[in-house]
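Spelled out from the first residue to the last, the chains are:
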Amino acid sequence: MQQGYFSKEYTFMMIKPDAVKAGHSGAILKRIEEEGFQIRALKRLRLTKEQAMGFYAVHSARPFFGELTDFMASGPVIAAVLERDNAVAHWREVIGATDPAEAAPNTIRKLFAKSKGENAVHGSDSKENAAIETAFFFSGLELVGQ
Ligand code: UDP
Ligand code: MG
């Protein structure tokens, strides 16, 4: 996804099926705005197993891949593109460590994650992956609105 659609840095996030099911979507979206992100695109959808495998293809050799992709296809997710200065690093800081047991106080995963697998939210780990993941979920037409 071209940086030209944005005036600041952007990242890609998902609210995962555990947090959507548990009714934490509103609190997480509120936190996104409180952290100074602009929500540039937003959608709710349910991934198929194949789509979840495509999104997490980088982890296909890992022992948790089957469980992870079953979980990601187990219910609806909310996907969004977030714009802000330093968006990628700031969102990773706000969500906290992968395992909620290791996540810092008041991070989203500390507040809402159930386990290392069912950990409430996703965040891109680099600008390059933010572009790839945004393009997986959104078209240019969904990003041009100001
Ligand atoms: N995951 C898991 N077990 C692990 C490591 C990761 O189930 O030991 C899941 C978890 O949902 C995590 C996702 O796989 O969010 C992707 O893993 P990654 O290491 O990229 O963590 P993240 O970037 O999401 O913090
Ligand atoms: Mg990751």
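Residues numbered from 1 in each chain as written. Chains lettered and ligands numbered in written order. Predicted model: local features only at pLDDT ≥ 70, side-chain atom pairs only at ≥ 80, totals over all residues. Heavy atoms only, no water.

Visitor: Pulling in residues and values, what's your account of the site of ligand 1?
Guide: In the region of ligand 1, the neighbouring residues are K16, Y56, H59, F64, L68, R92, T98, R109, K116, G117 and N119. A distance of 2.6 Å separates an oxygen atom of ligand 1 from a polar side-chain atom of T98. Within the contact set of ligand 1, an oxygen atom lies 3.5 Å away from a side-chain nitrogen or oxygen of K116. In isolation ligand 1 offers 510 Å² of accessible surface; the protein chains occlude 82% of this area. Looking at the shell around ligand 1 residue by residue, the class counts come to 3 nonpolar, 4 polar and 4 charged. (Near = heavy atom within 4 Å. Polar contact = N/O pair within 3.5 Å; in protein donor to acceptor, adjacent residues only side chain to side chain. Areas by Shrake-Rupley, 256 points an atom, 1.4 Å probe, with all protein chains shown as cover. Nonpolar A, V, L, I, M, F, W, Y, C, P; charged D, E, K, R; others polar.)

Visitor: Account for the side chain of E133, naming residues and giving values.
Guide: Position of E133 relative to the elements: it lies in helix α7 (residues 127-137). Buried E133, no salt bridge; nearest opposite-charge side chain is R92, N-O distance 7.6 Å. With sequence-adjacent residues up to four places away left out, E133 is seen in contact with F12, F55, H122 and S124. (Helix = DSSP H or I, 4+ residues; strand = E, 2+ residues; numbered from the N terminus. Buried < 20%, exposed > 50% of the residue type's maximum accessible area, 1.4 Å probe, protein only. Lys, Arg positive; Asp, Glu negative; His and termini not counted. Salt bridge = Lys/Arg side-chain N within 4 Å of Asp/Glu carboxyl O. Contact = heavy atoms within 4.5 Å.)

Visitor: Residues and numbers for the pattern of salt bridges, please.
Guide: Counting across every chain of the model gives 6 salt bridges. Between E83 and R40 there is a salt bridge; the shortest N-O distance is 2.5 Å. Placement of the pair is E83 in strand β3 (residues 77-83) and R40 in strand β2 (residues 38-45), with a sequence separation of 43 residues. The salt bridge partner of E142 is K43, with a shortest N-O separation of 3.3 Å.

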